[in-house]
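Reading the structure
The primary structure of each chain is shown beneath.
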Amino acid sequence: MKISVIIPIYKVERFIDRCIDSLMQQTLDEVEYIFVNDATPDGSMRVLEATLQKYPARLQQVKILAHEENRGLP
């Protein structure tokens, strides 16, 4: 069974690196991480991409989706 973890990205520049570090250090192998850029106006995506580079072995488990405009949580 594969688990999907969906993380919305919107104005989380100050927090996203800690979130990613925590997720990538988990021991579960059958997991995919879906990051959804909800048209964030800050540097959250830059932080996301830089932090993910610290975990090259996990990159195949990561998907990044992007919205052209903010859609909110629902």
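Along each chain, the written sequence defines residue order, and numbers are assigned to residues from 1. Only residues with pLDDT of at least 70 get local features here, since the model is predicted, and only at 80 or more are side-chain atom pairs given and counted; chain-wide, interface and lining totals rely on the full set of residues. Values shown for side chains rest on all heavy atoms present in the structure; no hydrogens or waters enter the calculation.

1. Remarks on the packing of helix α1 (residues 16–24) against helix α2 (residues 44–52)
The condition that has to hold: Where helices are involved, their axes are fitted lines through C-alpha atoms of the stretch in contact, as for all axes, and angles between N-to-C directions lie from 0 to 180°. Working definition: helices are DSSP H or I runs of at least four residues, strands are E runs of at least two. Numbering for both runs from the N terminus. Any angle from 65 to 115 degrees is called roughly perpendicular, while one under 35 is roughly parallel, one over 145 is roughly antiparallel, and all others are oblique. Handedness of a crossing is defined here by the sense of rotation of the near helix relative to the far one, left-handed for an anticlockwise turn of less than a right angle and right-handed for a clockwise turn. Here, residues are in contact when the closest pair of their heavy atoms is within 4.5 Å. Residues were grouped as follows: Ala, Val, Leu, Ile, Met, Phe, Trp, Tyr, Cys and Pro as nonpolar; Asp, Glu, Lys and Arg as charged; and all remaining residues, including Gly, as polar.
In the contact formed by α1 and α2, the axes pass within 9 Å of each other and the chain directions differ by 30 degrees. When the interaxial angle is binned, α1 and α2 end up roughly parallel. For the crossing formed where α1 meets α2, the hand is right-handed. Of α2, the residues touching α1 (which contributes Ile16, Asp17, Ile20, Asp21 and Met24) are Ser44, Val47, Leu48, Thr51 and Leu52. Class assignment for the residues of the contact of α1 with α2 results in 6 nonpolar, 2 polar and 2 charged.

2. Observations concerning the pairing of strand β3 (residues 62–66)
If a strand is regular, its side chains alternate between the two faces of the sheet. We count it as follows: Paired strands are those between which DSSP finds at least two bridges. By convention a crossover is right-handed if, when the strands point away from the viewer, the path from the first strand over the helix to the second runs clockwise.
Relative to β3, strand β2 (residues 31–37) is paired through 5 bridges, and the arrangement is parallel. Bridge pairing in β3 links tyrosine 33 to valine 62. Taken together, β2, α2 and β3 constitute a β-α-β crossover, and its handedness is right-handed.

3. Here's the deal with the sheet that holds strand β1 (residues 3–9)
Ordered by their spatial adjacency, 3 strands build an open sheet running β1-β2-β3, and the pairing between neighbours is parallel. Every other strand in the sheet has two partners, leaving β1 and β3 as the edge strands with one partner each. Adjacent strand axes in the sheet meet at a mean angle of 20 degrees, parallel and antiparallel pairs treated alike. Across the face of the sheet, α1 comes into contact with β1, β2 and β3 while running at roughly 170 degrees to β1. Sheet contacts for α2: β1, β2 and β3; angle to β3, the most-contacted strand, approximately 165 degrees.

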